[in-house]
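Chain and residue survey
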Amino acid sequence: MRKLALKFIDFFYPPFKNWFAINTFRYLASGGITAASGIVAYFVIYNYILRQNDVHVGQYLITAPIAALVLESVITFLIGFTLNKYLVFTQSDLKGRIQLFRYGTVVCTNILLNYALMKILVEGFQFYPSVSKALITIVLAVFSYFSQKYFSFRVKKNI
């Protein structure tokens, strides 16, 4: 399955080989697949599982859009981790549970940075929200790549 997935992703690599190394391209493709999966999962969860109805958890009310986002986030977390572990950062010698914990740490950090940077750019500097989101997405994609490469899926150097 891994070989088939890599063959499919690598088929689209030649036009981009002057811009990206193969692993960077695989990371971008995996991120795109994860993002697309998230959009589809959100749509299915919101419209067909929740049927656009809010969720009551004890005395708390979770609106349908937020409940769908939470469930979709779990799915995309698992998809993103799996693709990164088995397609992009395959040389890592860390144990899977360590990789999973570190991956989760980077994802949580990204969520917090996304929130903080949106607050700063939109409310502090009065940037347009859409432009801010685009800039933040680019910055966090670069941050994520290096965090995953050198932290979550690190390869020990032989001395």
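For the structure itself, consult the block above.
Residues numbered from 1 in each chain as written. Predicted model: local features only at pLDDT ≥ 70, side-chain atom pairs only at ≥ 80, totals over all residues. Heavy atoms only, no water.

1. Here's the deal with the environment of Ser-30
Inspection of the secondary structure assignment puts Ser-30 in helix α2 (residues 22-49). We classify Ser-30 as buried; its relative accessible area is 2%. Residues Ser-30 and Ile-79, spaced 49 residues apart in sequence, show a C-alpha to C-alpha distance of 8.9 Å. When sequence neighbours within four positions are dropped, the list of residues in contact with Ser-30 reads Leu-83, Leu-87 and Val-88. (Helix = DSSP H or I, 4+ residues; strand = E, 2+ residues; numbered from the N terminus. Buried < 20%, exposed > 50% of the residue type's maximum accessible area, 1.4 Å probe, protein only. Contact = heavy atoms within 4.5 Å.)

2. Here we look at the nonpolar core
If you look at the biggest cluster of nonpolar residues, it comprises 14 residues, and the most contacted ones within it are Ile-9, Tyr-27, Leu-87, Val-88, Phe-89 and Phe-153. Those elements giving two or more residues to this core turn out to be α1 (2-11), α2 and α3 (64-88). Top contributing element to this core by residue count: α3, with four residues. Contact partners of Phe-89, with chain neighbours within four places excluded, come to Tyr-27, Asn-84, Tyr-145, Gln-148, Lys-149 and Phe-153. Ranked by size, the runner-up nonpolar core spans five residues in total, among them Ile-45, Leu-50, Ala-67 and Ala-68. (Core = buried A, V, L, I, M, F, W, Y, C linked by side-chain atoms within 4.5 Å.)

3. Things to note about a nonpolar patch on the surface
Taken together, the side chains of Val-57, Tyr-60, Ile-62, Ile-66, Leu-69 and Val-70 make up a nonpolar region of the molecular surface, amounting to roughly 540 Å² of accessible area. Of all the secondary-structure elements, those providing two or more residues to the nonpolar patch are β2 (60-62) and α3. Examining the composition of the nonpolar patch, we find that three residues originate from one element, α3, more than from any other. Looking at the element boundaries, Leu-69 is found in helix α3. A residue is classified by how much of its surface remains accessible, and Leu-69, at 41% relative accessible area, is partly exposed. (Patch = residues over 30% accessible without salt bridge, like charges linked within 9 Å, V, L, I, M, F, W, Y side chains within 5 Å. Areas by Shrake-Rupley, 256 points an atom, 1.4 Å probe, with all protein chains shown as cover. Salt bridge = Lys/Arg side-chain N within 4 Å of Asp/Glu carboxyl O.)

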